Amino acid sequence: MPKKDAPTKDRSTVRVLLRLWPYVRPVRARVGSAAVVAVVASCLGLVIPLVLKWIVDGPVARRDPGGVWLGALVVLALGIAEAVLFGLRRWLVARPLAGVEAAMRADLYRHLQRLPIAFHDRWPSGQLLSRATTDLSLIRMFLAFPMTFLFVNGVTVVVGCGLLLAQDWTLGLVLLVPVVPLIVVCHLFESRYSLVARRAQDQVGDVTTVVEESVLGIRIIKGFGRHRSQMDGFRALAQRLRGTELAKARLLAGIWAVITIVPELAIGAALVLGAVQVADGGLSAGTLVAFLSTALALRWPVESIGFLLAMSQEAATSVERFFEVMDEAEEDAGGSGAASVASGGLRLENVSFRYPDAPEGAPPVLSGVDLFVRPGETMALVGATGSGKTTLTSLVPRLHEVSGGRILLDGVDVTAMSRQRLRELVSVAFEEPTLFSASVAENVLMGAGPGGAGEAELWRALEVAQAGFVRDLPEGAATEVGEQGLSLSGGQRQRLALARAVVGRPRFLVLDDPLSALDVHTEALVEAALRDVLRDTTALVVAHRPSTVMLADRVALLSAGRIAAVGTHQELLRSSREYAWLMSGAETTGSTR
Ligand SMILES: Nc1ncnc2c1ncn2[C@@H]1O[C@H](COP(=O)(O)OP(=O)(O)OP(=O)(O)O)[C@@H](O)[C@H]1O
Ligand SMILES: [Mg+2]
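Quick caveat: nothing in here was measured; it's all calculated off a predicted structure.

**Q** Give me the lowdown on the pattern of salt bridges, citing residues and values where you can.
**A** Within this structure, the stated rule accounts for 28 salt bridges. The salt bridge involving Arg-19 is made with Asp-327; its shortest N-O contact spans 3.2 Å. Note that Arg-19 is positioned in the loop between α1 (13-18) and α2 (21-24) and Asp-327 in the loop between α12 (285-326) and β1 (346-353), a separation of 308 residues in sequence. When its relative accessible area of 36% is taken as the criterion, Arg-19 is described as partly exposed. Assessed through its relative accessible area of 49%, Asp-327 is described here as partly exposed. Put simply, Arg-419 and Glu-401 hold a salt bridge, and the shortest N to O gap is 3.0 Å. Of the two residues, Arg-419 is situated in helix α14 (residues 419-425) and Glu-401 in the loop between α13 (389-395) and β4 (404-409); the sequence distance between them amounts to 18 residues. Exposure remark for Glu-401: the relative accessible area of 34% places this residue in the partly exposed category.

This is the structure we're talking about:
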């Protein structure tokens, strides 16, 4: 299972966020200059109180309207300059940061494509979806806003405090004393908030998983009238997420209250004290005005720190969730190709396999499997349901890695081949045909090697797969199918998947019950065509029906995790009781399943 435990308490938010550096590096110039512009803008705001002080102590005291006007103009100009600079900052960062998000998303997608099937078996798809969407936009928001403004506001607060102390250090101290408890509160808040933020983001992933499953499984849900229970399950998850979001909101409200009230009180105290001093003549009115307006100007930088920290926490959580996936090892590219070449054909030697996530102590699915399919031969693989046929076929193209033993293609160990070479050699089709949202032609030609294949190859493959129905589709082979296209029947989809498997004339063909949805006659036609066209292809075909099995050259019986018998259909019928039993059931019902 993916890590769903809360983050370790002592994780450093800064260290986590620093992992973003490789992505930010390319845009560092823009982001850096934007930060400088923002600091300048923010400090311009702090000059305004000084001008006010000059106005009050100078022209106002001297009753000089011209001077007051001049001062007002300077204040106006400063305000405009501040606004323009903040606009410039936004313009500077918007485009590069969208680029950063796009780069991270592309990396994640590329990585997901390369992660082994075992990873995808383990991770719920919603958790991956939410990482590619919610988490990445949280990260972009962090880069656009808190990353710059924590720095900018920090600098502004320090400069402002310096100004306050320089103007009147006793009043300055009255304002600054509450900063200490504020820092403590912020720290407490941060560690609490990171826990809830993580929980919320994981729960978003869970909700996404349920939504995705319900959309994909809508037929089953409707067919069994399970809307209510499905809805209840969804509601429970949504409630849980709502609870977490409320906890987040409570924390935010708490910190917000503290961060706004404390400075407010301090400013009030300073106002009273300052007014008394002005009355006593110990302080000029201009200084008090400047002092108070500086304090007011600092209110926003201080108050914003609460939610900037919250956003940073969420971003740190997102970064962790992002790198949890990115840190998973990809499939290795494969070996050097240097291996002793023995005989051709497909050979399994003492192959054993257990699923990585199988419970401790469970027997392996396969153990000591020895099988040899001669070059050009078609071998049927027969076994009771759950005996491991699908598992065995998935080992040949290395969708899973063998736990022991080895698999040889034309004498070369599959682990010694590059993935690309392996994909060129072996084509696969499964019982559950997957079509992508693309045209029929694109779906089928996906199976052609890197060189691609032409129109002629396409139609030949469709012919072999008895997929002549394509001609009658609204736009022929250009018709869009898949989730966003035309809906095809199960048998039609199976035949397209089969066409995809044979279009590249592979040397090895691995078919996991790819004809289960066809009627016996169509199936026989497909098999006859396969034998004709793929005379040089070595094939391993999982089969359930005698009609399929009889067309194979030989049959292997998989039982109790090993190959129990190999021979022709007739031989096995005589020699193996299990085989005879499997086949007899098939003959009376038309299918063993
Ligand atoms: N991803 C997986 N993780 C853990 N165990 C699995 C996984 N896939 C299959 N299994 C287990 O491995 C065993 C063999 O399954 P497999 O799908 O290979 O059977 P099969 O012979 O293809 O059955 P069928 O004829 O029904 O298609 C089963 O006991 C199944 O529970
Ligand atoms: Mg199977």
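Further notes follow.
**Q** Break down the packing of helix α8 (residues 169-176) against α12 for me, citing the residues and quoting the values.
**A** Between α8 and α12, the shortest axis-to-axis distance is 12 Å and the interhelical angle comes to 20°. One element, α8, and the other, α12, form an angle in the roughly parallel class. Regarding α8 and α12, the two cross each other, and that crossing is right-handed. Mapping the contact onto sequence places Leu-171, Gly-172 and Leu-175 in α8 and Leu-288, Phe-291 and Ala-295 in α12. Grouping the amino acids of the contact of α8 with α12 by side-chain chemistry returns five nonpolar, one polar and no charged.

**Q** Residues and numbers for empty space enclosed by the protein, please.
**A** Throughout the structure, instances matching the rule amount to one cavity of 30 Å³ or more. Taken together, Leu-138, Met-141, Phe-142, Met-311, Glu-314 and Ala-315 form the lining of the largest cavity. At the level of secondary structure, the elements contributing two or more residues to the lining of the largest cavity comprise α6 (125-144) and α12.

**Q** Before we move on, can you summarise the packing of aromatic side chains with the specific residues and values?
**A** Inspection of every chain in the model, using the stated rule, returns nine aromatic pairs. Taking 4.9 Å as the distance between ring centres and 85° as the angle between the ring planes, the aromatic pair formed by Phe-353 and Tyr-355 counts as edge-to-face. Owing to a relative accessible area of 24%, Tyr-355 belongs among the partly exposed residues under this scheme. Taken together, the ring pairs in this structure connect Tyr-23, Phe-322 and Phe-323 into an aromatic cluster. Its end group placed over the ring of Phe-323, Arg-19 keeps NZ or CZ at 3.9 Å from the ring centre. Taking NZ or CZ as reference, Arg-30 lies 5.3 Å from the ring centre of Trp-91, over its face.

**Q** Describe the site of ligand 1, listing the residues and the values that go with them.
**A** Close to ligand 1 lie 13 residues, the nearest being Thr-385, Gly-386, Lys-389, Thr-390 and Thr-391. Residue Tyr-355 places a side-chain N or O atom 3.3 Å away from a nitrogen atom belonging to ligand 1. Asp-357 places a polar side-chain atom, nitrogen or oxygen, 3.5 Å from a nitrogen atom of ligand 1. Alone, ligand 1 offers 630 Å² of accessible surface; in the complex the protein occludes 63% of this. Sorting elements by how many residues they give to the shell around ligand 1 places α13 first, with three residues. A class-by-class count of the residues in the shell around ligand 1 yields three nonpolar, seven polar and three charged.

**Q** Account for the environment of Ile-267, naming residues and giving values.
**A** The topology assignment puts Ile-267 in helix α11 (residues 227-280). Separated by 166 residues in sequence, Ile-267 and Pro-433 have C-alpha atoms that sit 70 Å apart. The residues contacting Ile-267, other than those within four sequence positions of it, are Leu-175, Leu-292, Ala-295, Leu-296 and Arg-299.

**Q** Let's hear about the confidence of the model for the protein: which residues, and what values?
**A** Across the protein, the average pLDDT comes to 86, with 94% of residues at 70 or higher. Taken together, the stretch residues 337-341 has pLDDT below 50 and engages in eight contacts with residues farther than four places along the chain or on a different chain. Low pLDDT (under 50) marks residues 586-593, which in the prediction has 14 contacts with non-local residues, meaning those over four places away or in another chain.

**Q** Give me the lowdown on a nonpolar patch on the surface, citing residues and values where you can.
**A** A cluster of nonpolar side chains, contributed by Leu-73, Leu-76, Ile-80 and Val-84, occupies part of the molecular surface with about 400 Å² of accessible area. Here Ile-80 shows up in helix α4 (residues 65-114).

**Q** Any chance you could break down the sheet that holds strand β3 (residues 378-383) for me, citing the residues and the numbers?
**A** Taken in spatial order, the six strands make up an open sheet running β6-β9-β10-β3-β11-β12, and their pairing is mixed. Here the strands that pair on one side only, and so sit at the sheet edges, are β6 (426-429) and β12 (562-567). Pairwise comparison of adjacent strand axes, ignoring direction, gives a mean angle of 20° for this sheet. Relative to β6, helix α17 (residues 490-502) is tilted by about 175°, and along the sheet it contacts β6 and β9 (508-512).

Each value, and the rule that gives it
Residues numbered from 1 in each chain as written. Chains lettered and ligands numbered in written order. Predicted model: local features only at pLDDT ≥ 70, side-chain atom pairs only at ≥ 80, totals over all residues. Heavy atoms only, no water. Salt bridge = Lys/Arg side-chain N within 4 Å of Asp/Glu carboxyl O. Helix = DSSP H or I, 4+ residues; strand = E, 2+ residues; numbered from the N terminus. Buried < 20%, exposed > 50% of the residue type's maximum accessible area, 1.4 Å probe, protein only. Axes fitted to C-alpha atoms, helices over the stretch in contact; angles between N-to-C directions. Parallel < 35°, antiparallel > 145°, perpendicular 65-115°, else oblique. Left-handed = near helix turned anticlockwise from the far one by under 90°. Contact = heavy atoms within 4.5 Å. Nonpolar A, V, L, I, M, F, W, Y, C, P; charged D, E, K, R; others polar. 1 Å grid on protein atoms, 1.4 Å probe; cavity = no way out; pocket = protein on both sides within 12 Å on 5 of 7 lines; lining within 4 Å. Points joined across faces, edges and corners; volume = space filled by probe spheres on them. Phe/Tyr/Trp six-rings, centres within 6.5 Å; stacked < 30°, edge-to-face > 60°. Lys NZ or Arg CZ within 6 Å of the ring centre and 35° of its normal. Near = heavy atom within 4 Å. Polar contact = N/O pair within 3.5 Å; in protein donor to acceptor, adjacent residues only side chain to side chain. Areas by Shrake-Rupley, 256 points an atom, 1.4 Å probe, with all protein chains shown as cover. pLDDT = per-residue confidence, 0-100. Patch = residues over 30% accessible without salt bridge, like charges linked within 9 Å, V, L, I, M, F, W, Y side chains within 5 Å. Pairing = 2+ DSSP bridges.

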